[in-house]
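# Summary of structural features
Here is what each chain is made of, one letter per residue.
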Amino acid sequence: MTQQFDNLTELHQALVNKDLSATELTQQTLTNIHDHEDALNAYVTVNDDEALAQAKQADESGIDADNVFSGVPVAYKDNLTTKGLLTTAASKILYNFKPVYDADVVTRLRAAGAVTIGKTNLDEFAMGGSTETSYFGTVHNPWDTTKVPGGSSGGSAATVAAGDVLAALGSDTGGSIRQPAAFNGIVGLKPTYGRVSRWGLIAFASSLDQIGPMTQNVTDAAAMMNVIAGRDERDATSSSKEVPDYVAGLSGDIKGLKIGVPKEFLGDGIDEGVRDQIKTAIKKLEALGATVDEVSLPHSTHGIQAYYILGPSEASSNLQRFDGIRYGYRTPNAKNLEELYVKTRSEGFGDEVKRRIMLGTFALSAGSFDAFFMKAAKIRTLIIEDFKKVFADYDVIVGPTAPTPAFGIGAETKDPMTMYMNDMLTVPANLAGLPAVSVPAGLVDGLPVGLQVIGRPFDESRVLNTAFAFEQNTTFHELKPSMSKGGRA
Amino acid sequence: MAEEPISRAEVEHVAELAKLSLTDEQASKFTSQLDEIITMIDGLNEVNTDDVKPTTNMADATAILREDVAVNAHQKDALINEAPETEDGFIKVPAIIDESEDA
């Protein structure tokens, strides 16, 4: 594209002014996506024909001057259902699945005029931190294609970082929005549990899953939240709390903001380069008028342990529905019904999904239920109480998003344990249901690092404003991979 | 948890409960991997949780009732179309008992 847009507001203005049409924009976006696909593999499905039809319709009905998503291409993680459009969760077991309904978030963005540009690649059923477990192949990091993009929302992160789209949706069960956002130098927000409807999100762990925005900057993430947040009666856990205007909440003023930095977040296991970068970021927040103290979340160090009991337990239950009867893959080799179930599941699921189903089945089985599931559920309570204590005195909690920058493709796939430890800084917010954002905080060895800001329940406005103040007073968000055609090169 | 966290026989039993069949190679691999993972998560037992209530639900609201009104989503055909095998508008599955055994 000859014209380049840094944010939704600029892009929207160009569409309103008719500097370019929605059709031209969508055509150019599709060209960029296809140009990058060989290198990135960020998509399971590119929605070429339908996207162009939606863009044409946007041009015909006129761009809505009051709506920044009017005629704008948006990418959806492929575990969000899209009516009539292939939705696979990156699993063979759903390789041919065409949902009969749109996820609530898709309905809302479509109503706001967004064009469905495609479905992004992910770890199978969102289980992973590197987007290497997809049935449709590994996603590559646009900053260095020998590195992973993080995961599980690796496809959404890569396509935003590559400059194909300004906005994508991901889902976050243990860090799956924030960690890939950090690895790709973009913004990713996991909202409070219940802030965004999970209707149409293919369930992984229902008490942890949340859908959220992945964008190039904080303002665009806030704009996306304005569209997707709110009560949906089809998700009984979605909250009726009033949705504030998240964009209007971005004052950039954090004078007097009380920040707690958990000592557990900068301790062992954190890469030295990452630690330095985050310490510098914290000094910046202090210079902007915030007060910073060291605090403690003593039980957060047990977060990984609790997460790898509770997540797989819920997953083993949720994934019982994949049986080859009503939709998706069915084994051609079954002589009876029992064999149909077993062979369909054994042939349809990949190893990581099987591992988690078995771990969960084990944790819930007689003899293990009290020692594992109930124990983890109690640790979860202690983690929530730790956060409550800190939030009695502090407005936000700040630290790194991930312990390292992006690692090499294939480096950790052999050892699930090493892979699981990457989630140590992100799972506490999921276990406690808290809003948390990752915002670009510079590079280590040429790879992006993310600053994580965690807030009180339903305090997305303050979390985003903290990230916004940091972004507006640093230039890290202007750094783009050389592959990106957007931005300030 | 004392002794070994999980044996190969237990892994095979758990796979059966989860309706998964494992090859020999998978059973060995999963046994050592699950063993390692369960040893890691077993570290939770260092924490005293006497008198701590478990958290299993994160929703901030209790159940909200809606009007009990039946609605027709008119999606029967679309849903049936997604099934791998159908006949006369029904989803078709193999017999519960192995048909080849009748012969």
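Residues numbered from 1 in each chain as written. Chains lettered and ligands numbered in written order. Predicted model: local features only at pLDDT ≥ 70, side-chain atom pairs only at ≥ 80, totals over all residues. Heavy atoms only, no water.

An unreviewed UniProt entry lists chain B under the name Aspartyl/glutamyl-tRNA(Asn/Gln) amidotransferase subunit C, with Furfurilactobacillus milii given as the organism. In its Subunit (unreviewed entry) section, UniProt records this for chain B: "Heterotrimer of A, B and C subunits." (UniProt positions renumbered as here; feature names shortened; annotations may be inferred.)

With an unreviewed UniProt entry as reference, chain A is termed Glutamyl-tRNA(Gln) amidotransferase subunit A, source organism Furfurilactobacillus milii. The annotation that UniProt attaches to chain A under Sequence similarities (unreviewed entry) is "Belongs to the amidase family. GatA subfamily." UniProt, in its Subunit (unreviewed entry) section for chain A, records the words "Heterotrimer of A, B and C subunits."

### A look at the overall build of chain B
Within chain B, the regular secondary structure consists of 3 helices and 2 strands. Secondary structure elements in chain B, listed N-terminal to C-terminal, are α-α-α-β-β. Residues classed as buried in chain B amount to 30% of the 103 residues present. Within chain B, contacts between residues at least 6 apart in sequence are counted, and of these 33% link residues at least 24 apart. For chain B, the accessible area works out to roughly 7500 Å², and carbon and sulfur atoms hold 50% of it. (Helix = DSSP H or I, 4+ residues; strand = E, 2+ residues; numbered from the N terminus. Buried < 20%, exposed > 50% of the residue type's maximum accessible area, 1.4 Å probe, protein only. Contact = heavy atoms within 4.5 Å. Areas by Shrake-Rupley, 256 points an atom, 1.4 Å probe, with all protein chains shown as cover.)

### A short note on the UniProt feature "active site" (unreviewed entry) in chain A
All names here are of chain A. Under the present numbering, the feature "active site" (unreviewed entry) in UniProt falls on Lys77, Ser152 and Ser176. On the basis of their most widely separated C-alpha atoms, the annotated residues across 100 residues gather in one place, lying no more than 10.9 Å apart. Relative to the elements of secondary structure, Lys77 occurs in strand β2 (residues 73-77). Take Lys77: its relative accessible area is 0%, and that puts it in the buried class. Setting aside its immediate chain neighbours within four residues, Lys77 contacts Lys119, Thr120, Leu122, Ala126, Ser152, Ser153, Ser156, Leu169, Gly170, Ser171 and Ser176. Its location among the elements puts Ser152 in the loop between β3 (115-120) and α5 (154-161). According to the relative accessible area criterion, Ser152 is buried, its value standing at 0%. Residues within four places of Ser152 in sequence aside, it is in contact with Lys77, Asn121, Leu122, Asp123, Ala126, Met127, Gly128, Gly129, Thr131, Ser171 and Ser176.

### Concerning unusual backbone geometry
Residues and elements named next belong to chain A. In the segment running from Gly151 into Ser152, the intervening peptide bond is cis, with an omega of 10 degrees. In this structure, Asn41 is a non-glycine residue whose phi angle is positive, near 55 degrees. Along the polypeptide, Asn41 turns up in the loop between α2 (22-40) and β1 (43-46). Located in the positive-phi region is Asp445, a residue other than glycine, with phi close to 50 degrees. Mapped onto the secondary structure, Asp445 falls in the loop between β10 (436-444) and β11 (447-455).

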